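Observations on chain architecture
As a plain string of letters, each chain reads:
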4 protein chains.
Amino acid sequence: MDTNEIFKHLEQFVRERDWSQFHTPENLAKSISIEAAELLEHFQWSDSASLEKVKDELADVLTYCFLMAKHYGLDPNVLILEKLETTKLKYPIEKSKGNSRKYDQL
Amino acid sequence: MDTNEIFKHLEQFVRERDWSQFHTPENLAKSISIEAAELLEHFQWSDSASLEKVKDELADVLTYCFLMAKHYGLDPNVLILEKLETTKLKYPIEKSKGNSRKYDQL
Amino acid sequence: MDTNEIFKHLEQFVRERDWSQFHTPENLAKSISIEAAELLEHFQWSDSASLEKVKDELADVLTYCFLMAKHYGLDPNVLILEKLETTKLKYPIEKSKGNSRKYDQL
Amino acid sequence: MDTNEIFKHLEQFVRERDWSQFHTPENLAKSISIEAAELLEHFQWSDSASLEKVKDELADVLTYCFLMAKHYGLDPNVLILEKLETTKLKYPIEKSKGNSRKYDQL
């Protein structure tokens, strides 16, 4: 199953409900933050959470991310790989190995 | 390019830096929220944002989402499609068409 | 120093910069989330953070919260105490003592 | 009503439930982000929200902010005013008047 198939399913879901009017980039950005916090809520008081709850909320974050990628004509997989190349340069192995410092503190 | 290939690239990146020790589910959940807010920041005072900035931050949210999915052995594409089936039931077309009310207010 | 004095300082700061045009409730809500995530970022990979960084970001969250309270003519102190009464009812001592479960799971 | 009185009410509420064990700085930081997103949720699809819902969620954000300030022995009012002095320097009136650009783009 590839990204285009996911996009087609999302598109049909949105079109049938006439919801594209609500899916402005700004509203999608808010929605990603809102769902990310619902995912975080399962780790609010503990460092572990039930798999079912994680799946549910992670799916919501991913869905809004894919809707935003789709809005801009971007492929989520390509986005991740392209950013990974930038991140590799910001975090050279020899400087970042085994520590979690930000690139500007390496 | 499929999800497994993305996972392989992410795994190598993390392994080379010995970063898996930091990528607990809780830390990934925090990271998703943090990056989601950086995406939102580009819409803080306006309903539009530059494509370059959106790409950059959306990639970060997606990357942490994929790392979390990978941690739990989940496929992001499957997660999205499975959740879409649940959401279709919560938002029947005839009740939700053209409005943005939550399912418990339909 | 009371809330009204804080409000007066904030008002002058905003008026001098002609920024009230940007401080719609929606933009303030986004801003609170954005600053909350910057605070969280100091706890991204660790359970402790430097006091200076915490002060800086906590101040930003509080500032936007006060601006929103001011927008609606609300007193932050009263808001907290009123909500505390509701929360007391949702979390009776005998049921919630020593555990972190949500009220609907008590 | 001043901050110390609020702190006393919060302290009693927490002590009676034996909840201080959960209120680590990290957990409070997560909680502030989570509640901030619940506030934002009322603006997810619209630029306005009902006052009752805003009050409810803004109170939650403020409560966790006050609990964190209290944890570090900080006065929320002082935090806001001190940060305002820093912000004034970063955003000189003549450069920032009437625009919402970040200080590094002024």
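Residues numbered from 1 in each chain as written. Chains lettered and ligands numbered in written order. Predicted model: local features only at pLDDT ≥ 70, side-chain atom pairs only at ≥ 80, totals over all residues. Heavy atoms only, no water.

We now examine the relation of the copies chain B and chain D. When chain B is brought onto chain D, the operation consists of a screw motion whose angular component is 180° and whose axial shift is 0.0 Å, with 0.0 Å RMSD remaining. Here the two chains are linked by the operation of a two-fold rotation axis. (Least-squares fit on C-alpha atoms with pLDDT ≥ 70 in both.)

So, about the confidence of the model for chain A. A low pLDDT means the predicted coordinates there should not be read in detail. Residue and element names in this part refer to chain A. Confidence along chain A averages 97 in pLDDT terms, with 100% of residues attaining 70 or more. Here helix α5 (residues 93–96) stands out as the element of chain A with the lowest mean pLDDT, 96, in contrast to helix α2 (residues 25–41), whose mean of 98 is the highest. We note a pTM of 0.97 for the whole complex and an ipTM of 0.97 for its interfaces. (pLDDT = per-residue confidence, 0-100. Helix = DSSP H or I, 4+ residues; strand = E, 2+ residues; numbered from the N terminus.)

Time to look at unusual backbone geometry. Positive phi is not limited to glycine here, since Asp18 of chain A has a value of about 55°. With respect to the secondary-structure elements, Asp18 of chain A resides in the loop between α1 (3–17) and α2.

Here we take up the packing of helix α2 (residues 25–41) of chain B against helix α2 (residues 25–41) of chain C. Where α2 of chain B contacts α2 of chain C, the two axes come as close as 9 Å, and the packing angle between them is 140°. Judged on the interaxial angle alone, α2 of chain C and α2 of chain B are oblique. Two packed elements cross with a definite hand, and for α2 of chain B against α2 of chain C that hand is left-handed. On the side of α2 of chain B, the interface is formed by Lys30, Ser33, Ile34, Ala37, Glu38, Leu40 and Glu41 of chain B, while α2 of chain C contributes Lys30, Ser33, Ile34, Ala37, Glu38, Leu40 and Glu41 of chain C. A breakdown of the residues in the contact of α2 of chain B with α2 of chain C according to their chemical character gives 6 nonpolar, 2 polar and 6 charged. (Axes fitted to C-alpha atoms, helices over the stretch in contact; angles between N-to-C directions. Parallel < 35°, antiparallel > 145°, perpendicular 65-115°, else oblique. Left-handed = near helix turned anticlockwise from the far one by under 90°. Contact = heavy atoms within 4.5 Å. Nonpolar A, V, L, I, M, F, W, Y, C, P; charged D, E, K, R; others polar.)

Mapping chain B onto chain A calls for a rotation angle of 180° and an axial translation of 0.0 Å; the resulting RMSD is 0.0 Å. When the interface residues of chain B are mapped onto chain A, 100% of them are again interface residues, pointing to one common binding face.

Okay, the pattern of salt bridges next. Taken as a whole, this structure holds 29 salt bridges over all chains when the rule is applied. Within the structure, one salt-bridge network assembled from shared partners comprises Asp56 and Asp60 of chain A together with Lys83 of chain B. (Salt bridge = Lys/Arg side-chain N within 4 Å of Asp/Glu carboxyl O.)

Time to look at the interface of chain B and chain D. At the junction of the two partners, chain B supplies 9 residues and chain D supplies 9 residues. The junction of chain B with chain D conceals about 640 Å² of combined surface from both sides, 42% of it contributed by carbon and sulfur atoms. Taken together, the links from chain B to chain D amount to 4 salt bridges. The shortest N-O distance in the salt bridge between Lys102 of chain D and Glu41 of chain B comes to 3.1 Å. Our count for the chain B to chain D interface comes out at 4 residue pairs in polar contact (both at pLDDT 80 or more). It is α2 of chain B that contributes the most residues to the side of chain B that touches chain D, 4 residues altogether. Of the residues assigned to the side of chain B that touches chain D, the class counts are 2 nonpolar, 2 polar and 5 charged. (Buried area = accessible area lost by both parts, 1.4 Å probe. Polar contact = N/O pair within 3.5 Å; in protein donor to acceptor, adjacent residues only side chain to side chain.)

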